[in-house]
Amino acid sequence: MSVDGYLEAFRSQGRIVVVGASLAGLRAAEALRDEGFTGTLTMIGDEPHEPYDRPPLSKQVLLGKVPPDHTALPRRRLVDAEWRLGVAATGLDLAAKRVQLSDGDSVEYDRLLITTGVRARPWPRELEAELDGVFVLRTRDDATRLHHRLKAGPRGVLVIGAGFTGSEIASACRERGLSVTVAERGAAPLVGALGGVVGEVAAELQRSHGVDLRCGVQVTGLEGDAAGRVRTAHFSDGAAVEAEVVVVALGATRNTEWLADSGLGAGPRGIACDAGCRAFDVRGIVTDDVFVAGDVARSPHPLFGYQFLSLEHWGNAVAQAEIAAHNMVSASTDRRPHLWMPSFWSAQFGVNIKSVGVPPMADQIIVTQGSLAEHRFTAAYGHQGRIIAAVTFDQAKWLDFYESEIERAAPFPPEFPTVDRRPEGMQPVPAGFPDPSLPSHGPTVTLSGHSPTDRRITFTPRRA
Amino acid sequence: MRLVVDLNRCQGYAQCAFLAPDVFTMHGDEALMYDPQPDDEQRRNVRRAAEACPVRAITVEYGDGAPAAGTAGASRVG
Ligand SMILES: Cc1cc2nc3c(=O)[nH]c(=O)nc-3n(C[C@H](O)[C@H](O)[C@H](O)COP(=O)(O)OP(=O)(O)OC[C@H]3O[C@@H](n4cnc5c(N)ncnc54)[C@H](O)[C@@H]3O)c2cc1C
Ligand code: SF4
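As a starting point, this report considers the structure included with it. (Residues numbered from 1 in each chain as written. Chains lettered and ligands numbered in written order. Predicted model: local features only at pLDDT ≥ 70, side-chain atom pairs only at ≥ 80, totals over all residues. Heavy atoms only, no water.)

This brings us to the overall build of chain A. Scanning chain A for helices and strands turns up eight helices and 30 strands. The C-alpha radius of gyration computed for chain A amounts to 23 Å, which stays within 12% of the reference 23 Å derived for 464 residues, consistent with globular compactness. With respect to the three principal axes, the spread of C-alpha positions in chain A is 70 × 60 × 40 Å. By the burial criterion, 60% of the 464 residues in chain A qualify as buried. Long-range pairs, those at least 24 residues apart, make up 67% of the contacts in chain A between residues at least 6 apart in sequence. (Helix = DSSP H or I, 4+ residues; strand = E, 2+ residues; numbered from the N terminus. Rg over C-alpha atoms; globule rule 2.2 N^0.38 Å. Buried < 20%, exposed > 50% of the residue type's maximum accessible area, 1.4 Å probe, protein only. Contact = heavy atoms within 4.5 Å.)

Regarding its fold elements, chain B presents two helices and four strands. Going residue by residue from the N terminus, the α and β elements of chain B occur as β-α-β-β-α-β. Considering chain B as a whole, with its 78 residues, one finds that 51% of them fall into the buried category. Counting only contacts in chain B whose residues sit at least 6 apart along the sequence, the fraction spanning at least 24 positions is 54%. Surface accessibility of chain B: about 3400 Å² in total, with carbon and sulfur atoms responsible for 46%. (Areas by Shrake-Rupley, 256 points an atom, 1.4 Å probe, with all protein chains shown as cover.)

With respect to spatial proximity, 13 residues lie near ligand 2, and among them Cys10, Tyr13, Ala14, Cys16 and Cys53 of chain B are the closest. Of the residues contributing to the shell around ligand 2, the split by class is ten nonpolar, three polar and no charged. (Near = heavy atom within 4 Å. Nonpolar A, V, L, I, M, F, W, Y, C, P; charged D, E, K, R; others polar.)

The next point concerns helix α2 (residues 23-34) of chain A. In a regular helix each residue adds 1.5 Å, so twelve residues correspond to 16 Å; α2 of chain A covers 17 Å between its end C-alpha atoms and thus fits that length. Extensive coverage of α2 of chain A is indicated by the burial of eleven of its twelve residues. Buried residues of α2 of chain A: Leu23, Ala24, Gly25, Leu26, Arg27, Ala28, Ala29, Glu30, Ala31, Leu32 and Arg33 of chain A, and no others. If you follow the buried residues of α2 of chain A, they end up packed against β1 (15-19), β2 (40-45), β3 (82-85), β7 (111-114) and α7 (314-328) of chain A together with β1 (2-5) of chain B. (Expected span 1.5 Å × (residues − 1).)

Given below as structure tokens:
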């Protein structure tokens, strides 16, 4: 049979299995049907819920404005799939093209899409993590539990880790009138994602909203009372903080353990794939029937030195799912590359924070509009003389312009005049990212080098 | 009825908050917050809001089998 003949038969009668039934999985399934795939589609998800949206969990839901179970994602179209929810994939046999399931069953595929995302990194000391009152926030069920406890008005909340999720949780707690301590190992909140200059603004925002922010410290231990409820947290500087609720916001771990012996290039930093979303195997050879999308993927980006990027961004999950779906049912010459411009937003302390590009790659930053002191500004990030990222605080309307500058590799510092440029924006300054060789839980974009088969947890020096 | 807003695309123009104030609200100057599962009586308002959004950032599933409006989350580049 010719290859074209195969594709036609596959498109009409093939079997596609999607593992991971969340944002990326759902949008891929819809796109597959949009692309005219009429074969069988099986969706495997270990959560019992139909796909729901996570960003509201740390925002509307914690504020009590939206019940946790009101977050199901709207469908763009009917997908006509077999949904196997509450069942985890536990293994993959690449040769037999078969996925093993936790209920003992297995499903065969002609093409597989992996969208297993990430999970919250738990508090590393197990006994302490089990104390009543210690939470993480990644799933709807996490949000239900945490919201329930916050509603009861705990006397003190401690948030460990001031990345985006931790900062948003702290913001919601303050808005609820709860007293909050935030402990951050780095020099400032968001420092891993946005650098020290912008991190300082985030620190000011937290403090001006009444957060007891402690940077440059680590929580060394959690202590419970006789009933097993968390009461006290001990810090590396000798301080002790009383808290009835502790939220561990130390970043995420990729859900790749189930692929450990599969022969795919999957590890703690995700699953490596090419620009067409095809997974690499451990030999560094690209597969033609296994595709990856969303938070679990690492894919190379031409605008950022062809390094593999791991993105924990809502928009990336959607865009990559669409590309993966298209490529799964298209001939090789009709395939498209995933060239999405990294973009994300965060809402905290009443400020709309948005970013395009890859800030952690930058060595310098310049405030091109507005003012850091007013918490309303646009900052451009530079790497070796070109713009590679921009961040706005309550100035989202300018971001599209910077996005086009990044796409055309425009020079840094920017040569264009801007409205509302202040004295502080006349000269670029160091962007202030922490040493990338030190582990950090902050960034939502991780540059993870050039090797498709890298399975170790190592951090690539930013200026390698 | 379910909806989601692509907040990468959203420019904070607040047209939606004007047309369906019980569903979309501005939080601070620029951050949009919304109810992802509004009551059915909001249907008219939500439809008008989704249609008025200048960047088509709002995807709605009306729950009546009609195709979802908007293009939220479609790839922006490439
Ligand atoms: C609280 C919170 C707030 C956020 N806020 C923002 C924001 O403001 N802006 C932004 O850009 N992004 C935000 N994000 C990130 C965004 O939600 C993610 O980028 C997005 O959910 C990624 O989608 P995904 O489908 O790739 O992965 P996920 O949503 O992680 O889904 C993966 C799914 O696969 C399942 N799974 C894992 N292993 C298996 C297995 N072996 N078998 C079967 N199923 C499995 C998981 O349980 C999960 O349901 C936020 C995330 C959280 C948690
Ligand atoms: S109308 Fe559209 S762009 Fe304006 S705030 Fe609403 S969603 Fe955002």
